[in-house]
Structures are given as structure tokens and as C-alpha cells.
Amino acid sequence: DQQVKQNSPSLSVQEGRISILNCDYTNSMFDYFLWYKKYPAEGPTFLISISSIKDKNEDGRFTVFLNKSAKHLSLHIVPSQPGDSAVYFCAASARGGADGLTFGKGTHLIIQP
Amino acid sequence: NAGVMQNPRHLVRRRGQEARLRCSPMKGHSHVYWYRQLPEEGLKFMVYLQKENIIDESGMPKERFSAEFPKEGPSILRIQQVVRGDSAAYFCASSPTGTSGWGYEQYFGPGTRLTVT
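Residues numbered from 1 in each chain as written. Chains lettered and ligands numbered in written order. Predicted model: local features only at pLDDT ≥ 70, side-chain atom pairs only at ≥ 80, totals over all residues. Heavy atoms only, no water.

### Details of the pattern of salt bridges
Spelled out, the test is: By definition here, a salt bridge exists when the distance from a side-chain nitrogen of Lys or Arg to a carboxyl oxygen of Asp or Glu is within 4 Å. Any residue under 20% of the maximum accessible area for its type is buried, any over 50% is exposed, and the rest in between are partly exposed; the area is computed with a 1.4 Å probe on protein chains only. Secondary structure is summarised from DSSP: a helix means a run of H or I of at least four residues, a strand means a run of E of at least two, and numbering begins at the N terminus for each.
Taken as a whole and assessed by the stated rule, the structure comprises 5 salt bridges over all chains. Residues A:Glu58 and A:Lys56 are paired through a salt bridge, measuring 4.0 Å at the closest nitrogen-oxygen approach. Residue A:Lys56 is classed as partly exposed on the basis of its relative accessible area, which comes to 44%. For B:Arg64, the salt bridge identified is with B:Asp86, shortest N-O distance 2.7 Å. In this pair, B:Arg64 sits in the loop between strand E6 (53-56) and strand E7 (65-68) while B:Asp86 sits in the loop between strand E8 (75-79) and strand E9 (88-95), placing the two residues 22 residues apart along the sequence. For B:Arg64, a relative accessible area of 25% puts it in the partly exposed group. A relative accessible area of 3% places B:Asp86 in the buried class.

The following block contains the structure:
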């Protein structure tokens, strides 16, 4: 039973354009959401987070949107750069981050030159 | 400010041997989380510890796996009598607080890649 789903295993975007990565969840107890970026043979790197009381959080080129009624969140990267090519994981917490996170399976983002 | 450290980075064990994975959290972080990633899968939570206490071990297999975070020294994830299905990447994360806080990110180490032959 997957509580966090990333339905696109991969996504290809041209350099300079917007990348939109999507994530759906089923557990209404989740109150905190995080996005991580991962390169091969490295650990996940924290990118951005959002609490369930907000619908948007922005940090530089990264913006996360949360639609609680649809149980959906998305990560926007604009403009996309070659170094953004990586696997992106959506993660959720039911205790504000102070518990074991539930991860999606990831989306492999490929930025085309 | 050093990040989360894990060692070894790669570990090869024969079936039936024991594997010990170590994790040193970031300075100032007192909470440690262990996750496992199987090929083509996301990370799966295993156990959450603070110094000398296991807070949540709901993701830990009931047999052969144990974890500790002593008062001094790194957190240890121990796998006894390893089997081929234990081959995976094991990641440790730390955060500056736990049950009394809210909105804290978990920062991950580089992982230990365990191969069971």
C-alpha cells in the first residue's frame, strides 16, 4: 500500500524551461512534505519543504505547491539547469518531520541541453 | 560543519555473516533515522533513535536486525546472519530535534552499500 506516489518514473525537460514534478499521497494524517534530490551513489539532499497549513513555499528556483483537498503536491524548478538532472523524491511526515518519512519511488529528471 | 557520516561506504558480506553499519549524525543533532533503499525503489523507513532510546522501530524487520544509538559514539545498525535479500543501500539521517519539535528536515548521509554474496 503506497501512501506516497510519484507516477512518473522519468521526465525529460529542455534546459531553461520549467520542470514540474508531481506527487500524490493518500494518508490525510501527513502534515509535512519534503522534496529531496539524489545523485547516483550519494545520499538524498534536502531541497525544500512545506507544511500542511500552507499551499506554497518558494526557495530560489524551487517552488513547492500543496493542494490538500486533492492530496497532491508538485515541485517546480525554473529555469531548469543541467545540474538539476537527478532523481527527485517526494517524502511525507505525519509529525512535522519528527518521524520516519514515507518516500515515493522517485522521478528521474533529465535536463536536455 | 561536517554532514552526516556513514561508514563503511561499501560492505561485502557472505551469507550468514554479520554486518555492522555506523552513522555519526551532524553536530548538534540528537536524533537519528535509518532507511533502506532496494534497487528501483524509494527509501523505506526502518528505525528512529535518540541517544540511548529507540523511539520508533516499526519499519525494522522483526528478526536479525537491531539498532542502537549509545550515549557516546555513533549509531549502529546491525544485521545478523545476512541473506542475499539484505543487499541494499542503507541510509542514515539526522535532525536537530524529534518529538518536541516540528518542521525539522532530516539530513542524509552518503549511505552504506551492502552486498551479500
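What follows picks up the thread again.
### Describing unusual backbone geometry
A cis geometry characterises the amide bond from A:Val78 onward to A:Pro79, with omega recorded as -10°. Mapping A:Pro79 onto the fold places it in the loop between strand E8 (72-77) and strand E9 (86-93). Of note, the bond from B:Asn7 into B:Pro8 is cis; its omega dihedral lies within 30 degrees of zero at -5°. Mapped onto the secondary structure, B:Pro8 falls in the loop between strand E1 (5-7) and strand E2 (10-13). Located in the positive-phi region is A:Ala41, a residue other than glycine, with phi close to 65°. Exposure remark for A:Ala41: the relative accessible area of 43% places this residue in the partly exposed category. The phi angle at B:Glu52 is positive, at roughly 65°, despite the residue not being glycine.

### Some thoughts on the sheet that holds strand E3 (residues 19-24) of chain B
Residue and element names in this part refer to chain B. The condition is simple: The rule for pairing is simple: two strands pair if DSSP sees at least two bridges between them. Note on method: axes are straight lines fitted to C-alpha atoms, helices fitted across the in-contact stretch only, with angles between N-to-C directions ranging 0 to 180 degrees.
Pairing is antiparallel in the open sheet, where 4 strands are placed in the order E1-E3-E8-E7. Every interior strand has two partners, whereas the edge strands, E1 and E7, have only one. If you compare each strand with its neighbour and ignore which way they point, the axes differ by 15° on average. Of the strand pairs in this sheet, E3 and E8 are connected by 5 bridges, and their pairing is antiparallel. Looking at the pairing, Ala19 lines up with Ile79 of E8.

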